[in-house]
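Summary of the model geometry
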Amino acid sequence: MITLPKAITFDCYGTLIDWESAIQQFFAESLDAKQIGYVDPKTLQTEWEEIQFHYIQERYRPYRQVLETISRYERCNSGLAEAGEGRPYYQYG
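The notes below deal with the structure included here. The shown structure was predicted, so the numbers you read here are calculated from the model rather than taken from an experiment.

1. Side note on the side chain of glutamine 45
Note that glutamine 45 resides in helix H2 (residues 41-58). Excluding residues within four positions of it along the chain, glutamine 45 makes contact with Glu20, Ile23, Gln24 and Phe27.

2. A closer look at unusual backbone geometry
We note that glutamine 35 has phi near 55°; this positive angle belongs to a residue other than glycine. Relative to the helices and strands, glutamine 35 resides in the loop between helix H1 (19-33) and H2.

3. Overview of the pattern of salt bridges
Counted according to the given criterion, the structure contains one salt bridge. Across the salt bridge formed by arginine 61 and glutamate 58, the nearest N and O atoms sit 3.0 Å from each other. Assessed through its relative accessible area of 45%, glutamate 58 is described here as partly exposed.

4. Quick notes on the packing of H1 against H2
H2 packs onto H1 with a crossing angle of 120° between their chain directions and a minimal axis gap of 8 Å. Taken together, the axes of H1 and H2 lie oblique to each other. The crossing of H1 and H2 is right-handed. Taking contact as the criterion, the partners of Trp19, Glu20, Ile23, Gln24, Phe27, Ala28 and Leu31 in H1 are, on H2, Pro41, Lys42, Leu44, Gln45, Trp48 and Glu49. Here the contact of H1 with H2 is built from residues that sort into eight nonpolar, two polar and three charged.

5. Overview of the environment of phenylalanine 26
Following the sequence through the fold, phenylalanine 26 ends up in helix H1. Owing to a relative accessible area of 48%, phenylalanine 26 belongs among the partly exposed residues under this scheme. For the pair phenylalanine 26 and glutamine 45, spaced 19 residues apart in the sequence, the C-alpha separation amounts to 9.6 Å.

About the thresholds
Residues numbered from 1 in each chain as written. Predicted model: local features only at pLDDT ≥ 70, side-chain atom pairs only at ≥ 80, totals over all residues. Heavy atoms only, no water. Helix = DSSP H or I, 4+ residues; strand = E, 2+ residues; numbered from the N terminus. Contact = heavy atoms within 4.5 Å. Salt bridge = Lys/Arg side-chain N within 4 Å of Asp/Glu carboxyl O. Buried < 20%, exposed > 50% of the residue type's maximum accessible area, 1.4 Å probe, protein only. Axes fitted to C-alpha atoms, helices over the stretch in contact; angles between N-to-C directions. Parallel < 35°, antiparallel > 145°, perpendicular 65-115°, else oblique. Left-handed = near helix turned anticlockwise from the far one by under 90°. Nonpolar A, V, L, I, M, F, W, Y, C, P; charged D, E, K, R; others polar.

Structure below.
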């Protein structure tokens, strides 16, 4: 007798969603809006992913916290931070 699966899952980032192009486009648009031409969106995306990877290896954190902390960290490093936006407490490298 064949048993049908109850659920099928797979990683949608890179399969259904072109995550890398989308985040690079977001960074490019954000950099253009702030007239920051000296930061390459692809380099920014690569750095963002590397820092995020190290951050999630430390201990469990809700994904919302991961995105907020690493996004704010990258905004501060790239010049995209809003006036008065403080650097998150996170030391990388």
